[in-house]
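Here is what each chain is made of, one letter per residue.
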2 protein chains.
Amino acid sequence: MEIDFGKSGGLVPAIVQDEKTGDVLMLGFMNDLSYQETRRSGDVVFFSRSRNKLWKKGESSGHVLKVRDIRVDGDADTLLIQVEPIGPGVCHEGYRSCFFRSLDQDGKWQLNAERTFTPENVYRAPARLGEAKK
Amino acid sequence: MEIDFGKSGGLVPAIVQDEKTGDVLMLGFMNDLSYQETRRSGDVVFFSRSRNKLWKKGESSGHVLKVRDIRVDGDADTLLIQVEPIGPGVCHEGYRSCFFRSLDQDGKWQLNAERTFTPENVYRAPARLGEAKK
């Protein structure tokens, strides 16, 4: 069975889940090359849509994602990657997970987590703030 | 903060996670209308890319997904929906989760779960087999 990269212009969504806690940490996109590079290196490598190039998660912060399992859905157009996350979090705003906001009953987004690190200490060069952009 | 439906032609990926087990069950896409309908009804409603219309998950099988929490990522272009899944599974091939295959060391996909239901007993009409297509 081959991964179906055809449905979204050569990209498939790749969900990243912490293998120990079960927390969903983030979602990125992969093209065939980033998928092959993820398999080869053992670290999660996305394709950045905004920068139009491969993007190794953690390349500037050091917060890489060690691949523990790669799963695919029934029609082979979505990946679920279970990882061991290195460092205090994947979110460039300083949270463990990118999904740190939940909808409340009034339709407003509220924080559901506390910061685990100070982004300014991790992403020092302004240019690197783009790191977390998908 | 508004959900950013602009990056992928009006659609955002919506990850569905079992709120109790933490298992990632599936990924679908939502447009603004399906998101509003999800909020209004309390059941997960996707936008089907293959059928080009709203698709309430479980509309034919009865295996609906009851929304318990809606989360959004930092740049507001991906949703994480925590649910109580009704019924034995979301996968139209008979598994609890759509991610029932894992990559082995030889690069082959292997089953990582056992069937929880018999698809033929749930998806009776051939036309309904399209239900699980995104």
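I will try to describe carefully the structure that is included in this document. (Residues numbered from 1 in each chain as written. Chains lettered and ligands numbered in written order. Predicted model: local features only at pLDDT ≥ 70, side-chain atom pairs only at ≥ 80, totals over all residues. Heavy atoms only, no water.)

Backbone-to-backbone hydrogen bonds join strands into a sheet, with any given pair of strands oriented parallel or antiparallel. Within the open sheet, the six strands sit side by side as 2(A)-1(A)-6(A)-5(A)-7(B)-8(B). Their pairing is mixed. The open sheet is flanked by strand 2 (24–30) of chain A together with strand 8 (109–111) of chain B, the only strands paired with a single partner. Strand-to-strand twist of the sheet, defined as the mean angle between neighbouring strand axes without regard to direction, takes the value 35 degrees. Two strands pair when backbone bridges link them, and strand 1 (residues 12–18) of chain A and strand 2 of chain A are joined in this way by six bridges, in the antiparallel orientation. Looking at the pairing, A:Ala14 lines up with A:Gly28 of strand 2 of chain A. Its contacts with the sheet put helix 1 (residues 32–41) of chain A on strand 2, strand 5 (65–72) and strand 6 (79–85) of chain A together with strand 7 (101–103) and strand 8 of chain B, and the angle it makes with strand 2 of chain A is roughly 125 degrees. (Pairing = 2+ DSSP bridges. Helix = DSSP H or I, 4+ residues; strand = E, 2+ residues; numbered from the N terminus. Axes fitted to C-alpha atoms, helices over the stretch in contact; angles between N-to-C directions. Contact = heavy atoms within 4.5 Å.)

With that settled, consider the interface of chain A and chain B. Taken residue by residue, the interface counts 36 residues in chain A and 36 residues in chain B. The tally of links between chain A and chain B comes to two salt bridges. Across the pair B:Asp77 and A:Arg49 runs a salt bridge, and its minimum N-O distance is 3.6 Å. At the boundary of chain A with chain B, the tally comes to 16 residue pairs in polar contact (both at pLDDT 80 or more). Of the residues belonging to the side of chain A that touches chain B, the class tally is 17 nonpolar, eight polar and 11 charged. Sheet analysis places strand 7 (residues 101–103) of chain A next to strand 5 (residues 65–72) of chain B, joined by two bridges and oriented antiparallel. From the neighbouring strand, A:Ser102 faces strand 5 of chain B, where its bridge partner is B:Arg71. (Salt bridge = Lys/Arg side-chain N within 4 Å of Asp/Glu carboxyl O. Polar contact = N/O pair within 3.5 Å; in protein donor to acceptor, adjacent residues only side chain to side chain. Nonpolar A, V, L, I, M, F, W, Y, C, P; charged D, E, K, R; others polar.)

All right, on to helix 1 of chain A then. Residue and element names in this part refer to chain A. Turning to helix 1, its buried residues are Ser34, Tyr35 and Thr38. End-on view of helix 1: buried residues confined to an arc of 105 degrees, all on one side of the axis. Across from the buried face of helix 1, at angles greater than 90 degrees, the exposed residues are Leu33 and Arg40. Positive phi appears at Gly42, one or two residues downstream of helix 1, with a value of about 80 degrees. (Buried < 20%, exposed > 50% of the residue type's maximum accessible area, 1.4 Å probe, protein only. Arc of directions from axis to C-beta.)

Let's shift gears to the sheet that holds strand 8 (residues 109–111) of chain A. Spatially, the six strands line up as an open sheet ordered 8(A)-7(A)-5(B)-6(B)-1(B)-2(B), and their pairing is mixed. The outermost strands of the open sheet, each flanked by one partner alone, are strand 8 of chain A together with strand 2 (24–30) of chain B. On average, each strand axis in the sheet is inclined to that of its neighbour by 35 degrees, with strand direction left out of account. Here seven bridges tie strand 5 of chain B to strand 6 (residues 79–85) of chain B, and the two strands are oriented antiparallel to one another. Along strand 6 of chain B, the bridge assignment pairs B:Lys66 with B:Glu84. Against the sheet, helix 1 (residues 32–41) of chain B engages strand 7 and strand 8 of chain A together with strand 2, strand 5 and strand 6 of chain B, with an angle of about 125 degrees to strand 2 of chain B.

Mapping chain A onto chain B calls for a rotation angle of 180 degrees and an axial translation of 0.0 Å; the resulting RMSD is 0.0 Å. A rotation of that kind, with that shift, is consistent with a two-fold axis. Within chain A, A:Gly22 has its C-alpha nearest the rotation axis, a separation of 2.7 Å. Mapped onto chain B, 100% of the interface residues of chain A are again interface residues, and the two copies thus contact each other with one and the same surface. (Least-squares fit on C-alpha atoms with pLDDT ≥ 70 in both.)

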